[in-house]
Amino acid sequence: MQERTESDSRKLLGRLRDAMAGDDAGQARLDKITHLIATSMKCEVCSIYLFRDDDTLELCATEGLNKEAVHQTRMKVGEGLVGRVAKSRNIINTPDAPQAKGFRYMAETGEDLFSSFLGVPIQRLGDILGVLVVQSKVAREFNTDEVYALEVVAMVLAEMTELGAFVGEGAAMSARHSQPVSLRGTVAQEGVAEGHVWLHEPRVVVSNLIADDPECETQRLIDAVDTLRLSVDQMLTMSAGDKEQQEVIETYRMFANSKGWMKRMQDDITQGLSAEAAVEKEQSLARARMGQSSDSYMRERLSDLDDLSNRLLRILTGQGSNTGAEMPPDPILVARNIGPAELLEYGRTLRGIVLEEGSVGSHAAIVARALAIPLIVHAGRITNEALNGDHIMIDGDLGRVHLRADENVVSSFRDKIAMQAAAQERYASIRDQPAVTKCGNTIALHMNAGLMADLPSLVNSGAEGVGLFRTELQFLVRNKMPRRADLSTLYRRVLDAAQGKRVVFRTLDIGSDKVLPYMKPNDEPNPALGWRAIRVGLDKPGIMRMQLQALLRAADGGPLTVMFPFVAQFEEYRAARAQLDKTIAGEKKLGHKLPSSIEVGAMLETPSLAFAPDKFFEEVGFLSIGGNDLKQFFFAADRENERVRKRYDTLNVSFLTFLEGIVERCVATGTPLSFCGEDAGRPIEALCFAAIGLRTLSMRPASIGPVKSLLRRCDLAEVRAAIHGARDRGEMSVRGAVMEYVRQQY
Ligand code: PEP
Ligand code: MG
């Protein structure tokens with residue numbers, strides 16, 4: 001058997017580059033490449049199989065097999081030796097292919113003549129694009145050098161395929177990034193949007209794959225890794241004091257100093273790759289392993305390595321996160337993940353957001369919701385599939401993302417947008433009219449807010465006021481505790497923007513899913529049931545007093561409304577109220593102006609508070625049902641857990657009966673009551689809440705139109721009859737009966 005030398009590989013790569021530089025059309029290029037590889041590897045056969053669709057591979061070019069089989073021979077992933085390479089993403093190297101496990105005889109190719117088989121996956125950054133095969137008559141196993149050389153060639157082919165080098169006349173192949181892709185994710189904020197991709201962290205484009213001077217490339221790699229190490233050391237210094245962050249950076253440092261990683265990249269360079277291509281080759285292998293590993297610790301480490309490789313590529317290519325691309329006028333942000341502050345910087349310029357990771361309860365999701373930007377999280381592979389400027393449509397109602405969609409999908413999607421726009425016009429026409437039901441009951445519709453950016457919606461939506469201002473967002477989006485003066489200025493701006501309309505400021509609701517980046521995290525087994533909201537406020541009175549002072553000063557002699565979150569028992573309300581009274585007394589002493597009137601209320605978010613003594617209902621200024629939390633505790637179903645989140649219907653008879661009990665107690669004690677959880681913004685739910693006696697609902701601004709429109713069509717006595725009917729029939733939820741009633745109103 002003949003030994004291959006490193007210079008053989010380099011020669012082959014050099015010839016490949018020349019082939020690429022020629023004027024040949026796609027198919028001719030592929031043919032030339034198979035010929036070059038077969039000759040260089042001293043094999044009779046070289047074939048390239050590429051994916052035709054998600055699970056079919058197609059023979060796209062061959063040297064040595066029957067030419068008629070090109071674009072005719074196809075196989076499913078997992079089928080035959082080629083299909084097995086694609087499925088396992090591992091090489092197959094056998095001296096006796098017909099006897100190897102999984103061999104499938106394909107008469108049209110004439111491959112039975114060839115005994116040895118070496119197949120390697122053509123993959124790029126974790127995505128498998130096809131399989132590269134060499135075969136020979138002589139029964140032999142390919143040696144390590146040959147395998148390695150073929151892997152390097154496969155990597156170059158992957159890049160070329162990606163760059164669309166094989167598209168064109170005669171080639172039944174299209175570049176991967178030109179095909180439509182449809183992905184399913186999880187809805188974190190509803191709404192539909194059409195626009196063009198704006199990558200938060202654009203991929204590094206490597207165009208110089210092959211290099212002639214390995215010494216120069218090795219030096220470039222060494223220099224870049226030195227710079228990388230330096231930057232990791234700097235990160236470590238900057239994160240001093242944050243143990244968790246330090247642990248992550250220590251892992252980075254370990255990788256950055258890894259001799260194995262360095263050696264593998266240097267070997268790749270010796271084979272003829274450029275420094276960038278070498279980094280990317282190792283990154284691809286790590287990604288492929290990441291996709292296959294079921295060990296979450298291992299996956300996380302490989303993901304660290306992935307991140308580090310990106311940094312290294314940016315150093316080598318000089319491409320920062322700013323690649324000079326221009327943001328499209330209708331940007332839909334695509335990212336692996338994004339922090340709340342970064343998202344706020346983009347603000348309302350974005351039409352939509354698609355994240356590969358993220359979670360429904362993340363801070364970014366909270367911000368997206370506050371900005372009313374449709375958001376889909378867990379959209380697997382999106383950062384691999386999307387390129388800056390690609391056409392993209394997101395359906396934040398169904399959790400679907402359509403990238404480069406074909407005409408049919410585009411037109412049905414546009415129909416949906418048009419229908420929604422028509423509905424918006426209908427809502428706009430009743431914006432200044434009250435939500436009066438057919439039976440003459442008026443329901444006050446308020447909006448939920450949390451950012452200054454929300455306030456314009458107060459006018460646009462026709463909301464009567466802000467029923468819930470989540471003050472924690474201001475704390476969450478910063479990296480240090482905000483100062484009293486800043487908070488006061490912000491609250492004042494909110495009140496100014498509200499122009500006299502009532503704003504219910506909820507005091508800090510942190511803990512559970514809302515962890516302040518600058519506060520030591522508590523390792524609690526059940527954070528939703530843990531040290532959060534008013535519990536933190538009472539245990540850390542300094543923060544609470546600071547916020548209360550900011551609110552009192554912001555009122556500037558006008559009226560003020562304050563609400564305490566997550567009150568589970570009367571005593572907590574009393575203690576919080578006492579804090580407020582103490583703060584007011586302090587302010588008076590200091591000579592500050594006091595609000596003309598102060599309303600103080602509590603959120604009813606725990607079932608226990610519904611059973612508090614009458615005295616509590618009499619003392620509290622008002623109550624607002626926080627259905628998001630109340631429901632999770634009522635059904636014992638975590639609101640952040642996708643598996644159980646939607647398992648129990650809000651209109652479940654038990655929950656509705658429970659809510660009725662709260663309404664009755666408030667009526668009996670004359671306590672003003674509202675509902676400010678997400679469900680208040682869902683038209684059917686809002687209708688049922690009105691039917692059981694709620695007269696104030698607070699919701700996202702975009703929900704006010706749909707809720708008002710439905711309320712105005714319905715008679716609450718008839719809705720109550722539908723609810724009672726369902727209950728009498730023993731139905732689990734009243735939804736079906738109420739929906740049926742609603743249908744009859746249209
Ligand atoms: C609720 O729990 O319903 C609520 C409005 O508060 P948050 O969603 O901020 O916990
Ligand atoms: Mg809550």
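These numbers come from a predicted model, not from an experiment. (Residues numbered from 1 in each chain as written. Chains lettered and ligands numbered in written order. Predicted model: local features only at pLDDT ≥ 70, side-chain atom pairs only at ≥ 80, totals over all residues. Heavy atoms only, no water.)

For the magnesium ion (ligand 2), the protein coordination sphere consists of Glu605 (OE) and Asp629 (OD), at 2.0 to 2.1 Å. With Glu605 in the loop between strand E20 (598-604) and helix H20 (607-610) and Asp629 in helix H22 (residues 627-634), the pair connects residues that are 24 residues apart, well separated along the chain. A relative accessible area of 3% places Asp629 in the buried class. (Donors = N, O, S within 2.8 Å, 3.2 Å for Na, K, Ca; no water. Helix = DSSP H or I, 4+ residues; strand = E, 2+ residues; numbered from the N terminus. Buried < 20%, exposed > 50% of the residue type's maximum accessible area, 1.4 Å probe, protein only.)

All right, on to the nonpolar core then. Ranked by internal contacts, the top residues of the largest apolar core, which has 120 residues, are Phe564, Phe616, Leu623, Leu659, Ile662 and Leu697. Looking at this core element by element, the count peaks at nine residues for helix H18 (residues 541-555). Shared between two domains, this core holds at least three residues of each, these being domain 2 (181-202 + 323-419) and domain 4 (430-745). Apart from the residues lying within four places of it in its own chain, the contact partners of Leu697 are Ile443, Ala444, Leu445, His446, Phe675, Ala680, Ala686 and Phe689. Counting residues in each nonpolar core, the second largest holds 65 residues, with Ile37, Ile122, Leu221 and Met265 among its members. (Core = buried A, V, L, I, M, F, W, Y, C linked by side-chain atoms within 4.5 Å. Domains from an automatic or database assignment. Contact = heavy atoms within 4.5 Å.)

The terminal C-alpha atoms of helix H23 (residues 653-669) lie 24 Å apart, and with 17 residues this matches the ideal 24 Å at 1.5 Å per residue to within 8%. Those residues of H23 that sit buried are Val653, Phe655, Leu656, Phe658, Leu659, Glu660, Ile662, Val663, Cys666 and Thr669. Positive phi appears at Gly670, one or two residues downstream of H23, with a value of about 65°. (Expected span 1.5 Å × (residues − 1).)

Attention now goes to the pattern of salt bridges. A pair can form between side chains of opposite charge whenever their charged atoms are brought close. Here the structure, examined in full by the defined rule, presents 42 salt bridges. When the shortest N-O distance is used, the salt bridge between Asp509 and Arg532 registers 3.8 Å. With Asp509 in the loop between strand E18 (503-506) and helix H17 (534-539) and Arg532 in the loop between E18 and H17, this pair connects stretches of sequence that are 23 residues apart. Among the salt bridges present, the one from Arg574 reaches Glu619, with a minimum N-O distance of 2.8 Å. Taken together, the residues Arg574 in helix H19 (residues 570-589) and Glu619 in helix H21 (residues 614-619) connect sequence positions 45 residues apart. Three or more residues are tied together by salt bridges with common partners; here these are Glu472, Arg506, Asp509, Arg532, Asp629 and Arg639. (Salt bridge = Lys/Arg side-chain N within 4 Å of Asp/Glu carboxyl O.)

All right, on to the environment of Gln424 then. Inspection of the secondary structure assignment puts Gln424 in helix H13 (residues 407-429). Taking the C-alpha atoms as reference, Gln424 lies 18 Å from Arg369; in sequence the two are 55 residues apart.

So, on to the side chain of Arg506. The residue Arg506 is located in strand E18 in this model. Among the polar contacts made by the side chain of Arg506, one reaches the side chain of Glu472 at a distance of 2.5 Å. Among all residues touching Arg506, those that are not within four sequence positions of it are Leu468, Phe469, Arg470, Thr471, Glu472, Lys514, Gln547, Met563, Pro565, Met603 and Glu605. (Polar contact = N/O pair within 3.5 Å; in protein donor to acceptor, adjacent residues only side chain to side chain.)

According to the domain assignment, the protein chain contains domain 1 (6-173), domain 2 (181-202 + 323-419), domain 3 (214-317) and domain 4 (430-745). Each of domain 3 and domain 4 has a C-alpha centre, and the two are 47 Å apart.

Okay, the packing of aromatic side chains next. Across all of its chains, the model carries 15 aromatic pairs by this definition. Measuring from centroid to centroid gives 5.3 Å for Tyr491 and Phe505, while their planes differ by 55°, and the two rings are tilted. A residue pair is termed long-range when its members are at least 10 positions apart, and Tyr491 in helix H16 (residues 484-498) and Phe505 in strand E18 qualify at 14 residues. Comparing Tyr491 with Phe505 shows no difference in burial state: the two are buried. Ring centres of Phe566 and Phe633 lie 5.7 Å apart, and the angle between their planes is 65°; on these two criteria the pair is classed as edge-to-face. Of the two residues, Phe566 is situated in the loop between strand E19 (560-564) and H19 and Phe633 in helix H22; the sequence distance between them amounts to 67 residues. Exposure remark for Phe566: the relative accessible area of 2% places this residue in the buried category. Grouped by ring-pair contacts, the aromatic residues Phe611, Phe634, Phe635, Tyr648, Phe655 and Phe658 constitute a single cluster. Of note, Arg502 hangs over the ring of Phe622, and the distance from its end group to the ring centre comes to 5.0 Å. Over the face of the ring belonging to Phe566 we find Arg532, whose NZ or CZ atom lies 4.0 Å from the ring centre. (Phe/Tyr/Trp six-rings, centres within 6.5 Å; stacked < 30°, edge-to-face > 60°. Lys NZ or Arg CZ within 6 Å of the ring centre and 35° of its normal.)

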